[in-house]
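As a plain string of letters, each chain reads:
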Amino acid sequence: MAYSAHVDTFTRDSLPPPEAQPEFLFDLPELKFPERLNCSWPLLDQHVAEGRGGRVCIQAPNLRWTYADLQEKANRIANVLVKDLGVVPGNRVLLRAPNNPMMAACWFAVMKVGAVATATMPLLRAKELKHVISKAKVTHALCDLRLAEELKLAAAESPDPSSELRHIRWFNDASADGLEAAMAQHSAEFRNVDTARDDTCILAFTSGTTGQPKATMHFHRDVMASCVCWPPYVLRPTPDDIFMGTPPLAFTFGLGGLLLFPLAIGASTVLLEQGAPQDLVDAILKYKATILFTAPTSYRAIAAIAGPLRGSTLRKCVSAGEALPAATRALWKEATGIEMIDGIGATELMHIFISADERDALPGATGKVVPGYVACIMDDDGKPAKTGEIGKLAIKGPTGCRYLADERQASYVKNGWNYTGDAYALDAEGYYHYHSRTDDMIISAGYNIAGPEVEDALLRHPKVAECGVIGVPDEERGQVVKAIIVLRPGNDPTPETAKELQDYVKQSIAPYKYPRQVEFVAALPRTETGKLQRFRLRQHS
Ligand code: 3UK
C-alpha cells in the first residue's frame with residue numbers, strides 16, 4: 001500500500017480485514033494506475049492543462065460551463081473547505097442536491113482536498129440522513145439550499161456524540177453566508193492533495209431494500225477503473241457525445257454515467273433536476289443529447305411519448321438498475337429505432353460488469369462479462385455451475401465490495417468472489433441471463449419460478465403499464481405466483497381483465513408459471529433508483 005494522504009484515518013481504519021476483502025484483478029494495461037492518484041486530475045484538471053479548458057463540460061437550464069469553469073468552481077470550493085471549514089484529508093463530506101452543476105463542482109472539490117464524498121439521495125428524510133451521518137461519521141456537509149430542511153433536522157436531532165457534523169454550507173444560495181459568497185472570497189487556484197490510489201474517496205450507500213443501508217468504500221483507483229472498463233469497451237463514447245439521464249449523482253449508476261464517464265474522455269454532460277418522461281424528451285431535443293442513462297421503467301414510460309426522438313441526435317440508450325424485460329427493449333426499439341444497451345452494475349462494484357452493446361444485444365440476456373472482470377455462476381456448494389444451469393452470480397475485477405465496518409461483508413464476499421445476490425445462467429455463447437434476485441425465486445408446487453420472467457410475459461400485453469410478480473404463501477403449493485399490475489389508462493380492473501391476462505401468460509410461457517392471483521393497483525412501490533420494492537409488495541399481500 002502506498003503511503004496514505006489521509007490525516008483522518010477513519011475510512012482506512014474501517015476497511016474490512018484483508019481476508020474478508022474480494023480479490024482484485026488488474027489485468028488490463030489501462031488498470032495499472034500510478035501509486036499517487038487523485039481522480040480529479042485525469043477527470044478534470046488534465047483537460048485544462050492540456051489545452052481543452054475551453055470545451056463544454058456541463059450544461060443545465062440557462063447554464064453552460066467549460067472544463068476551465070468547472071475547475072475554477074471546484075478550486076474555489078476546495079479553498080472554502082480547507083480554509084474556512086477546516087477540512088483535512090480523509091474527512092467525510094456529505095453532499096446533498098438534485099443533479100445540478102454545483103453538486104458536480106462540490107464533488108470535485110471533495111476529491112481535490114483528499115476528503116471522502118458521501119453523497120445522499122435527494123429524497124432521504126432526516127431519520128435516514130441521521131443514519132448516514134453517524135455511520136460515516138460525517139464531519140462537514142455541502143447541501144443545496146432547497147434540500148436544507150431534512151438535513152437541518154438530522155443535524156439538530158443528532159445529540160449523539162458520535163455524530164461529528166460540525167460545518168454545513170448551503171449552495172445555490174444567494175445570501176451573504178452561502179457557499180457562493182464564500183467562494184468569491186477565495187482563489188481560483190488549488191493544488192490537489194497528493195492522495196494515494198488506494199485512499200478512499202467515496203462512500204456510497206446501498207439502496208437498502210432490506211435492513212439498514214450499507215456504506216461501500218471506493219478508492220481513487222476504483223473511480224478511474226470504472227472509467228476504463230465498461231465505457232470504452234461497451235459504450236464506446238466519443239469526446240463529442242452529450243450525456244444525459246435521470247439517476248441521481250448519489251447513485252453510482254448516475255455518478256458514472258452523468259459525470260465520470262463523460263469527463264474521462266473530455267465529452268460533456270447535461271445535468272437535469274427533473275427527470276419525468278416529458279422533461280427528458282424535451283431536454284434530449286433541446287440539448288441534442290446523444291447518450292441516455294435511465295432505468296427500465298423510465299424507458300417504458302418515455303416510450304409512449306418518444307416519437308420525436310426517432311431520427312434525433314440520440315444514439316445510445318443505457319438501461320441499468322434492474323432487469324430489462326425483453327418486452328421493454330422491443331417497445332423502445334419500436335418507438336425510437338434504437339437498440340438498448342443493458343448492463344448490470346452494483347454499488348459494491350461501483351459500476352457495470354456484465355453488459356452488451358447495441359450490436360451484440362441479445363433480448364432477454366444482460367450481456368457478456370465486461371473486459372477487466374471475470375464472472376462465475378456458482379451452485380449451492382460454491383462450485384461453478386454447468387452451462388445453462390441457474391446459480392448465484394459471482395464477480396471479480398478491479399473494483400469490489402468493501403463495506404464500512406459491516407458484518408454483512410461476509411455474505412457479499414466469499415473466497416475472494418463478490419456475490420451480487422442475483423440468480424443467473426450462462427449460455428454457450430457467453431451471455432449471462434438474469435432470472436431473479438436469489439432470495440426472490442418463487443417456489444410453487446416444487447417448481448422454481450423467476451418473477452421477472454412472468455413480468456416480461458405480462459408486459460407484452462397492451463393493457464399492462466407496469467407490474468411486479470411475487471410469491472405469496474399457500475398451504476397447498478408452498479407459494480403461489482401473484483401479479484400486482486398497473487393497467488394502462490382506459491382499462492378496467494375487472495375479474496375479466498385479470499382472466500384475460502392470466503390466459504395471455506399461459507399461452508406465452510410454461511402454464512405453471514401463470515399468476516394464480518392478480519391484484520390491480522394505481523402505482524408500484526419503487527426506490528429512488530427505480531427498483532421495484534418486492535419486499536413491500538410481499539408485506540401488503
Ligand atoms: C440489480 C440489475 C438485472 C441487481 C447499479 C449500474 O443498480 C445498481 O446498483 P445497486 O447497488 O443494485 C445492484 C443490483 O441491482 N440490477 C442492476 N442492474 C441490473 N439486474 N439487470 C440489470 N441490468 O440485482 C444488482 O445486484 O442499486 C447499476 C451501475 C451502477 C449501479 N450501482
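What counts, and where the lines are drawn
Residues numbered from 1 in each chain as written. Predicted model: local features only at pLDDT ≥ 70, side-chain atom pairs only at ≥ 80, totals over all residues. Heavy atoms only, no water. Buried < 20%, exposed > 50% of the residue type's maximum accessible area, 1.4 Å probe, protein only. Helix = DSSP H or I, 4+ residues; strand = E, 2+ residues; numbered from the N terminus. Pairing = 2+ DSSP bridges. Contact = heavy atoms within 4.5 Å. Axes fitted to C-alpha atoms, helices over the stretch in contact; angles between N-to-C directions. Phe/Tyr/Trp six-rings, centres within 6.5 Å; stacked < 30°, edge-to-face > 60°. Lys NZ or Arg CZ within 6 Å of the ring centre and 35° of its normal. Near = heavy atom within 4 Å. Polar contact = N/O pair within 3.5 Å; in protein donor to acceptor, adjacent residues only side chain to side chain. Areas by Shrake-Rupley, 256 points an atom, 1.4 Å probe, with all protein chains shown as cover. Disulfide = S-S within 2.5 Å. Core = buried A, V, L, I, M, F, W, Y, C linked by side-chain atoms within 4.5 Å. Domains from an automatic or database assignment.

## Some thoughts on the pairing of strand 8 (residues 215-219)
Note on strand geometry: in a regular strand, side chains alternate between the two faces of the sheet. The buried fraction of strand 8 amounts to 5 of the 5 residues, a majority that puts the element mostly inside the structure. With burial as the criterion, each face of strand 8 is covered, one bearing Ala 215, Met 217 and Phe 219 and the other bearing Thr 216 and His 218.

## Some remarks on the sheet that holds strand 12 (residues 316-319)
Pairing is mixed across the open sheet formed by 9 strands, whose spatial order is 2-1-10-9-11-12-13-14-15. In the strand order of this sheet, the two ends are held by strand 2 (63-66) and strand 15 (368-369), each with one partner. Summarising the sheet, strand 1 (residues 56-60) and strand 10 (residues 268-270) pair through 2 bridges and their orientation is parallel. Considered in strand 10, the bridge of Ile 58 is made with Thr 269. Along the sheet face, helix 3 (residues 67-84) touches strand 1 and strand 2 and points at about 90° away from the line of strand 2.

## Structural notes on the sheet that holds strand 23 (residues 464-474)
The strand order across the open sheet formed by 3 strands is 23-24-25, and the pairing between neighbours is mixed. With partners counted over all chains shown, the strands left at the sheet margins are strand 23 and strand 25 (517-520), one partner each. Each strand of the sheet is rotated relative to its neighbour by a mean of 25°, with strand direction disregarded. Bridge analysis of strand 24 (residues 478-487) against strand 25 gives 4 bridges, and the strand direction is parallel.

## Considering the packing of aromatic side chains
Scanning the model with the defined rule gives 11 aromatic pairs in all. Relative to Phe 293, the ring of Trp 230 has its centre 6.1 Å away and its plane inclined at 70°; by these criteria the two rings are edge-to-face. Highlighted residues: Trp 230 in helix 9 (residues 230-235) and Phe 293 in strand 11 (residues 291-294), separated in sequence by 63 residues. Considered together, Trp 230 and Phe 293 belong to a single accessibility category, that of buried residues. Relative to Phe 253, the ring of Phe 251 lies with its centre 6.0 Å away and its plane at 75°, an arrangement referred to as edge-to-face. Exposure remark for Phe 251: the relative accessible area of 10% places this residue in the buried category. Residue classification places Phe 253 among the buried positions, given a relative accessible area of 7%. Counting every residue linked through ring pairs, the aromatic cluster contains Trp 230, Phe 243, Phe 251, Phe 253, Phe 261 and Phe 293. Positioned over the ring face of Tyr 3 is Arg 36, at 4.0 Å from the centre of the ring. Here the guanidinium or amino end of Arg 221 rests over the ring plane of Phe 24, the centre of that ring lying 5.2 Å away.

## As for the site of the ligand
Near the ligand, the surroundings consist of 23 residues, among which Thr 252, Asp 342, Gly 343, Thr 347 and Asp 422 are the closest. Thr 347 places a side-chain nitrogen or oxygen 2.6 Å from an oxygen atom of the ligand. Side-chain polar atom of Asp 422 to an oxygen atom of the ligand: 2.5 Å apart, as the coordinates give it. Taken by itself the ligand offers 610 Å² of open surface, and the protein chains cover 95% of this. When residues of the shell around the ligand are traced back to their parent elements, those giving at least two are helix 10 (252-264), strand 13 (341-345), strand 19 (417-426) and strand 20 (432-437). For the shell around the ligand, the element with the highest residue contribution is strand 13, accounting for 4 residues.

## Observations regarding the state of the cysteines
Taken as a whole and judged by the stated rule, the model has 0 disulfides. Cys 106 takes part in no disulfide bond, and the closest cysteine sulfur to it belongs to Cys 143, at a distance of 9.8 Å. Looking at Cys 106, the relative accessible area reads 0%, which means it is buried. You can see Cys 401 has no disulfide; the closest cysteine sulfur is in Cys 201, sitting 16 Å from it.

## What about the nonpolar core?
One finds Ile 77, Leu 95, Trp 107, Trp 230 and Leu 393 to be the most contacted residues of the largest nonpolar core, which totals 117 residues. With 10 residues, helix 4 (residues 101-112) is the single largest residue contributor to this core. Mapping this core onto the domain boundaries places at least three of its residues in each of domain 1 (38-195) and domain 2 (244-437). In this view, Trp 230 contacts Leu 235, Phe 261, Phe 293, Val 318, Ile 341, Ile 352, Ser 355 and Val 370; residues no more than four positions away in its chain are not counted.

The values are spatial; any link to function lies outside them.
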